[in-house]
Amino acid sequence: MESVSIGKSVSELHELLVHKDISSTELTKAYIDRIQAVDPDLQAYLTVLEDEAMAQAAEVDQKIAQGETLKPLEGIPMALKDNMCTEGIRTSCASKMLENFIPPYNATVTNRLRAAGTILLGKLNMDEFAMGSSTENSYFTKTRNPWNLECVPGGSSGGSAVAVAGDEATFTLGSDTGGSIRQPAAFCGVVGMKPTYGAVSRLGLIAFASSLDQIGPFTKTVRDNALVMNAIAGYDALDSTSVPYETPDYTKFLVNDIKGLRIGIPREYFGEGIDPDVAKGIKAGIQTLIDLGAEVAECSLPHTEYAIPAYYLIATAEASSNLARYDGVRYGYRADSNDVLGMFKKTRAEGFGQEVKRRIMLGTYALSSGYYDAYYLKAQKVRTLIKQDFDKAFEKFDVLLSPTAPTPAFKFGEKSADPLAMYLSDITTVPINLAGIPAISIPAGFVNGLPIGMQLMGKAFGEGALYRVAYTFEQNTNYHSLKPNLSGEVLTCGSR
Amino acid sequence: MSISREDVEYVAALARLELTEQETQEYTEQLNSILGYAAMLERLDTTDVVPTAHAVPLHNVLREDQVGSSINHEKALRNAPDGEEGFFRVPKISLT
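A quick note: this is a predicted structure, and the numbers were derived from the prediction, not measured.

Parameters and conventions
- Residues numbered from 1 in each chain as written.
- Chains lettered and ligands numbered in written order.
- Predicted model: local features only at pLDDT ≥ 70, side-chain atom pairs only at ≥ 80, totals over all residues.
- Helix = DSSP H or I, 4+ residues; strand = E, 2+ residues; numbered from the N terminus.
- Rg over C-alpha atoms; globule rule 2.2 N^0.38 Å.
- Buried ≥ 20, exposed ≤ 12 C-beta atoms within 10 Å, placed from the backbone.
- UniProt positions renumbered as here; feature names shortened; annotations may be inferred.
- Core = buried A, V, L, I, M, F, W, Y, C linked by C-beta atoms within 7 Å.
- Contact = placed C-beta atoms within 7 Å.
- Pairing = 2+ DSSP bridges.
- Bend = angle between axes of the 7 residues up to and from the residue.
- Nonpolar A, V, L, I, M, F, W, Y, C, P; charged D, E, K, R; others polar.
- Axes fitted to C-alpha atoms, helices over the stretch in contact; angles between N-to-C directions.

What to know about the overall build of chain A
Across its full length, chain A carries 16 helices and 11 strands. Taking 2.2 N^0.38 as the reference for a compact globule, 496 residues should give roughly 23 Å; the C-alpha atoms of chain A span a radius of gyration of 21 Å, in line with that estimate. Here the C-alpha coordinates of chain A stretch approximately 65 × 60 × 50 Å along the principal axes. Relative to its 496 residues, chain A shows a buried fraction of 60%.

Structure below.
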């Protein structure tokens, strides 16, 4: 069964289920078998829910047997990043702090995907508390890039990207605070969407930086991505930052036509620090879009270089506040101590990893008396300038285009010793979170055998235009259909 | 603006983090390096710029004051590291 069902897109599998060519039980079992076969190498999963998944699949099969109409995602096996709450199922955030945390409620996305009839295969590895760009900061394990096991999968949603790229799930959800969906999607050769801030409910997403965090889908194809967005997007009264707007049917934007669409190329995203081979690959992609009738012109987002410091001050300040709740009292890890203050300090010292502590320190400093104006307030003002850059660009263009990441996937350990070097690799993704706009990464070629991603950025709630360009590009290229060789053959890592 | 060892110890106390000697040393170096880089923000004149707290500003998100459902007592306490009779138990709170 594995050979016929594994690796197909959600829309193809839906047809097979509708026509009873395959049952949800067979499909789910095939994915469980696949996880057991390849996850010892890839390490994408922290929790696999075989019994629960098989029971859910049996329920769907019963509905099919009774002749009920199947919803687009019904009976489809998927998985969630381990920072989205699942009632009764451990949600660890890849941290020792939450190693044994069993949420008493579901995240809104968990509920919506359940209502859509999907099958939850398990929970996926990530950088601890979503802080990192390589998934090397997980307390539990290192997830490996299916295209080259010596390379990182990107982060922080590394497990979510690898599970899709390695055919261990049909689709997954990740979260993106400064690139954590788009960069791993680019490194692993899959489609990853960071929706507009406020488009998808954050209720039950364990908070990192509340004004930047946003949940979105990883998929094999652009159509699948739009289908998953249909299921998860929309107003939620339980998230006070959820924006009340009418969610469109995102599949309506999937037309193979971009004639006359105006695409801007911000020159700052092709400058210093961008691997020349990556830039070359993306420029070839731009030519493809020109040939298909897009109107392409260069533009400028002049404050781009200030995005990294502004982002790291804002994100860490918010994180230091959000993570204050981990005090060993109500849930999570607790260290023994004779008095309560000592218990707080030891609990946090032992429960958090190095990167999380570093960011709490940085954020606490940025918010501390005497430095607030110089760092946090200054960063918020620069955030305004960055947002204005985008507003101006979107007066002239429908969509902006850049590389998703400056380089292809790098080797384990290559950047983990130097936090600043790791932060600088986020230059092409963090401005988007500061501006709150949507952006998608789609497969756009290979450099030294590793995938590269093309990033498309849109106006707030302009996901539709992104899907239209992404779909047209996908229909006229074949990068999305290429698969990593998981037979154990190790390729040479990128030149970097 | 450079950050001293004492600054790091002060911030660690604010953040309720017990640091090892090695961590104190490392964070002193790393915070200097990261905040040194962030000093580039000073080049921008932001005197008349309004700060952005949220990219999609929503104001006065209100709802009717109605009783809804919430998780029960037992569920809320299930993850507690230590508790008794419906309470969380913590070590003694000393003021010195």
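Quick word on the UniProt feature "active site" (unreviewed entry) in chain A
Residues and elements named next belong to chain A. Under the UniProt annotation, the feature "active site" (unreviewed entry) is placed at K81, S156 and S180. Considering the C-alpha atoms alone, the annotated residues occupy 100 residues of sequence yet fold into one spot, their largest mutual distance being 11.1 Å. Here S156 shows up in the loop between β3 (119-124) and α6 (158-165). Taking the number of C-beta atoms within 10 Å as the measure of exposure, S156 has 34 and is therefore buried.

Some words on the nonpolar core
All names here are of chain A. Core analysis: the biggest nonpolar cluster contains 160 residues, and A310, L313, V399, L456 and A470 have the highest contact counts within it. With 10 residues, helix α10 (residues 307-322) is the single largest residue contributor to this core. When sequence neighbours within four positions are dropped, the list of residues in contact with L456 reads V399, L401, A439, I440, L466, V469 and A470.

Section: the pairing of strand β10 (residues 439-447) of chain A
Side chains on a regular strand alternate between the two faces of the sheet. Residues and elements named next belong to chain A. For β10, a buried count of seven out of nine residues is recorded, marking the element as mostly surrounded by other parts of the structure. Of the pairings in the sheet, the one linking strand β5 (residues 191-194) to β10 comprises three bridges and is antiparallel in character. Note that in β10 the partner of K194 across the bridge is A439. As judged from the seven bridges shared by β10 and strand β11 (residues 450-458), these two strands associate in the antiparallel manner. Across the sheet, the residue bridging to V447 is L450, located in β11. Following β10, the chain reverses through two residues before pairing antiparallel with β11; N448 in that reversal takes a positive phi of roughly 50°.

Describing the environment of R202 of chain A
Residues and elements named next belong to chain A. Along the chain, R202 falls in the loop between β5 and β6 (215-219). For R202, a count of 24 C-beta atoms within 10 Å gives the class buried. Separated by 95 residues in the primary sequence, R202 and A107 have C-alpha atoms spaced 7.6 Å apart. Setting aside residues no more than four positions away along its own chain, R202 makes contact with D213, I215, D239 and T241.

Remarks on the pairing of strand β9 (residues 399-403) of chain A
Residue and element names in this part refer to chain A. The buried fraction of β9 amounts to five of the five residues, a majority that puts the element mostly inside the structure. The sheet contact formed by strand β7 (residues 262-266) and β9 spans two bridges and is parallel. When the sheet's bridge partners are listed, I263 is paired in β9 with V399.

Topic: helix α3 (residues 24-42) of chain A
Working note: α-helix, 3.6 residues per turn, so residues spaced by three or four point in the same direction. Residue and element names in this part refer to chain A. Of all the bends in α3, the largest measures some 35° and sits at Q36, one to four residues before the proline P40. Residues of α3 that are buried include every one of S24, L27, T28, A30, Y31, I32, R34, I35 and L42, and no others. Just downstream of α3, Q43 is the residue with a positive phi angle, here 60°.

Overview of α6 of chain A
Residues and elements named next belong to chain A. α6 sits mainly inside the fold: eight of its eight residues count as buried. Residues of α6 that are buried include every one of G158, G159, S160, A161, V162, A163, V164 and A165, and no others. Looking one or two residues past α6, D167 carries a phi angle of roughly 60°, positive in sign.

Brief notes about the interface of chain B and chain A
Between chain B and chain A, the residue contacts involve 43 residues of the former and 56 residues of the latter. Those elements that provide at least two residues to the side of chain B that touches chain A are α1 (5-14), α2 (21-38) and α3 (73-77) of chain B. A per-element tally of the side of chain B that touches chain A places α2 of chain B first, with seven residues. Of the residues assigned to the side of chain B that touches chain A, the class counts are 29 nonpolar, seven polar and seven charged.

A word on the environment of F140 of chain A
All names here are of chain A. Its place among the elements puts F140 in the loop between β3 and α6. You can call F140 partly exposed: it has 16 C-beta atoms within 10 Å. The contact partners of F140, leaving out residues within four places of it in the chain, are L46, A94 and N125.

Looking at unusual backbone geometry
All names here are of chain A. Backbone torsion omega between G155 and S156 reads 10°, so that peptide bond is classified as cis. Unusually for a residue other than glycine, D167 sits at a positive phi of about 60°. Examined against the element boundaries, D167 turns out to sit in the loop between α6 and β4 (171-175). Classification of D167 as buried rests on a count of 23 C-beta atoms within 10 Å.

Some remarks on the sheet that holds strand β2 (residues 77-81) of chain A
Strand pairing in a sheet takes place through backbone hydrogen bonds and is either antiparallel or parallel in direction. Residue and element names in this part refer to chain A. A sheet is described by the order of its strands in space; here 11 strands give the open sequence β1-β3-β2-β4-β6-β5-β10-β11-β9-β7-β8, paired in mixed fashion. Edge strands, defined here as strands with exactly one partner in the open sheet, are β1 (45-48) and β8 (295-299). Each strand of the sheet is rotated relative to its neighbour by a mean of 30°, with strand direction disregarded. Judged from the three bridges that link them, β2 and β4 form a sheet pairing that is parallel.

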